[in-house]
Amino acid sequence: MSALENGRWPCPLAEYPEAWVKFREKGYPFRLRRELDLVATDVAVLPIILPYVVEWNLPDVNGRSISLPEERPTALLDDVDEMLVVWLIRTFYEHRAGLMRPRPNLSAPSSST
């Protein structure tokens, strides 16, 4: 699975071809790793990852689009298909792992002569 150029992660599930999510590109404190290491269930991880969602196109079980409000309670996903919620969680972990990989420094090196 990989993100598109616009940073959106498309959902690979055949049942949800129009679903996608976009997460923040930066601002992941080390504290987040500790918080994620302490949670044991999908339900417990959702309040941690939802603030990192920038945009999404997620339908509920009836096909209605779910808006992404400023406040993000876990109950926001109560009517979303479980397989779609699991995809959202897995995609967050993949996105975060990608941000931890070394990336090229595009700024010119300073000369220290």
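Enquirer: Please clarify how the nonpolar core should be interpreted in this entry.
Expert: It is characteristic of soluble globular proteins that their nonpolar side chains tend to be buried jointly. Counting residues in each nonpolar core, the largest one holds 29 residues, and the members touching the most others are W56, L77 and L88. Where this core is concerned, the elements lending two or more residues are β2 (20-23), α1 (30-38), α2 (42-49), β3 (53-59) and α3 (82-100). Among the elements that line this core, the one with the most residues is α3, at seven residues. Apart from residues lying up to four places away in sequence, L77 is in contact with L46, L50, W56, L58, V85 and L88.

Enquirer: Looking at this model, I keep getting lost on the sheet that holds strand β4 (residues 65-66). Mind explaining?
Expert: Picture the strands of a sheet paired through backbone hydrogen bonds; they go either parallel or antiparallel. An order of β1-β2-β3-β4 is seen for the four strands of this open sheet, with the pairing classed as antiparallel. Strands with a single pairing partner mark the edges of an open sheet, and in this sheet they are β1 (8-10) and β4. Bridging between β1 and β2 involves three bridges; their strand directions are antiparallel. Residue P10 lies in a different strand from β2, and its bridge partner there is W20.

Cut-off values and rules
Residues numbered from 1 in each chain as written. Predicted model: local features only at pLDDT ≥ 70, side-chain atom pairs only at ≥ 80, totals over all residues. Heavy atoms only, no water. Core = buried A, V, L, I, M, F, W, Y, C linked by side-chain atoms within 4.5 Å. Buried < 20%, exposed > 50% of the residue type's maximum accessible area, 1.4 Å probe, protein only. Helix = DSSP H or I, 4+ residues; strand = E, 2+ residues; numbered from the N terminus. Contact = heavy atoms within 4.5 Å. Pairing = 2+ DSSP bridges.

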